[in-house]
Amino acid sequence: MIVDALFPTYRFDKADNEDFMVIDQWSYVWAAFSGPLFVLTKGLYLLALVDVLAMAAIAAGAIFGLTIIVYLFSASMEGMILMLVTVVGGFALNGIVAVRLVRYGYLKNGWRLGY
């Protein structure tokens, strides 16, 4: 399914004990709206700073895209739909980047992907 391809579920296992962590589709929702705070709550402080920069770049791209859409389409129905897609896509991209940063941080800190 397309949702599973865009927002995969990850399970991380700690090698030295029985701890595990699951990042599922709800994690993408939390990450989309909180961004760096989501990464920060996982204890990945430096990657939270990286996510602040990524979130700023995503926001700048979305604002640029919205500006172009408003200029080209004005108040037409196509323009409204494209604006909605741009905003939703920006939030989705923010969630994907935050979860991928958490995945990278966990793998770097010794966790391994479980099944």
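The structure presented is a predicted model; accordingly, all values stated were derived computationally and were not measured. (Residues numbered from 1 in each chain as written. Predicted model: local features only at pLDDT ≥ 70, side-chain atom pairs only at ≥ 80, totals over all residues. Heavy atoms only, no water.)

*Asks:* Just to check I follow, could you spell out helix α4 (residues 45-73) for this structure?
*Replies:* Since the α-helix advances by 3.6 residues per turn, residues separated by three or four positions end up pointing in the same direction. In a regular helix each residue adds 1.5 Å, so 29 residues correspond to 42 Å; α4 covers 41 Å between its end C-alpha atoms and thus fits that length. Taken together, the buried positions of α4 are occupied by Leu 47, Ala 48, Asp 51, Ile 58, Ala 62 and Ile 69. Packed against the buried residues of α4 are α3 (36-41) and α5 (77-108). Trailing α4 by a residue or two, Ser 74 shows a phi angle of about 55°, which is positive. (Helix = DSSP H or I, 4+ residues; strand = E, 2+ residues; numbered from the N terminus. Expected span 1.5 Å × (residues − 1). Buried < 20%, exposed > 50% of the residue type's maximum accessible area, 1.4 Å probe, protein only. Contact = heavy atoms within 4.5 Å.)

*Asks:* What is the right way to read the packing of α4 against α5 from this model?
*Replies:* Two numbers describe a pair of packed helices, the interaxial angle and the distance between the axes. Running from N to C, α4 and α5 cross one another at 170°; their axes reach a closest spacing of 10 Å. Taken as axis vectors, α4 and α5 run roughly antiparallel relative to one another. Read as a crossing pair, α4 and α5 show a hand that is right-handed. Taken together, the residues of the contact of α4 with α5 break down into 18 nonpolar, five polar and two charged. (Axes fitted to C-alpha atoms, helices over the stretch in contact; angles between N-to-C directions. Parallel < 35°, antiparallel > 145°, perpendicular 65-115°, else oblique. Left-handed = near helix turned anticlockwise from the far one by under 90°. Nonpolar A, V, L, I, M, F, W, Y, C, P; charged D, E, K, R; others polar.)

*Asks:* Would you mind going over the nonpolar core with me for this structure?
*Replies:* If you look at the biggest cluster of nonpolar residues, it comprises 18 residues, and the most contacted ones within it are Ile 23, Val 39, Val 99 and Val 102. Among the elements of the structure, β1 (10-14), α2 (25-34), α3, α4 and α5 are those that each provide at least two residues to this core. Sorting elements by how many residues they give to this core places α5 first, with six residues. Aside from chain neighbours lying at most four places away, what touches Val 99 is Tyr 10, Ile 23, Ser 27, Tyr 28, Ala 31 and Phe 38. (Core = buried A, V, L, I, M, F, W, Y, C linked by side-chain atoms within 4.5 Å.)

*Asks:* Help me out: how do you make sense of the pairing of strand β2 (residues 20-23) in this one?
*Replies:* Every regular strand shows the same layout, with side chains that alternate between the two sheet faces. Sheet topology note: the β1/β2 ladder contains four bridges and is antiparallel. By the bridge assignment, Tyr 10 is partnered in β2 with Ile 23. (Pairing = 2+ DSSP bridges.)

*Asks:* I keep staring at the packing of α2 against α5 and nothing clicks. Help me out?
*Replies:* With their axes 7 Å apart at the nearest point, α2 and α5 run at an angle of 110° to one another. Classed by the angle they form, the pair α2 and α5 counts as roughly perpendicular. The residues of α5 that touch α2, namely those facing Ser 27, Tyr 28, Ala 31, Ala 32 and Phe 33, are Phe 91, Asn 94, Gly 95, Ile 96, Ala 98 and Val 99. Residue composition of the contact of α2 with α5, by class: eight nonpolar, three polar and no charged.

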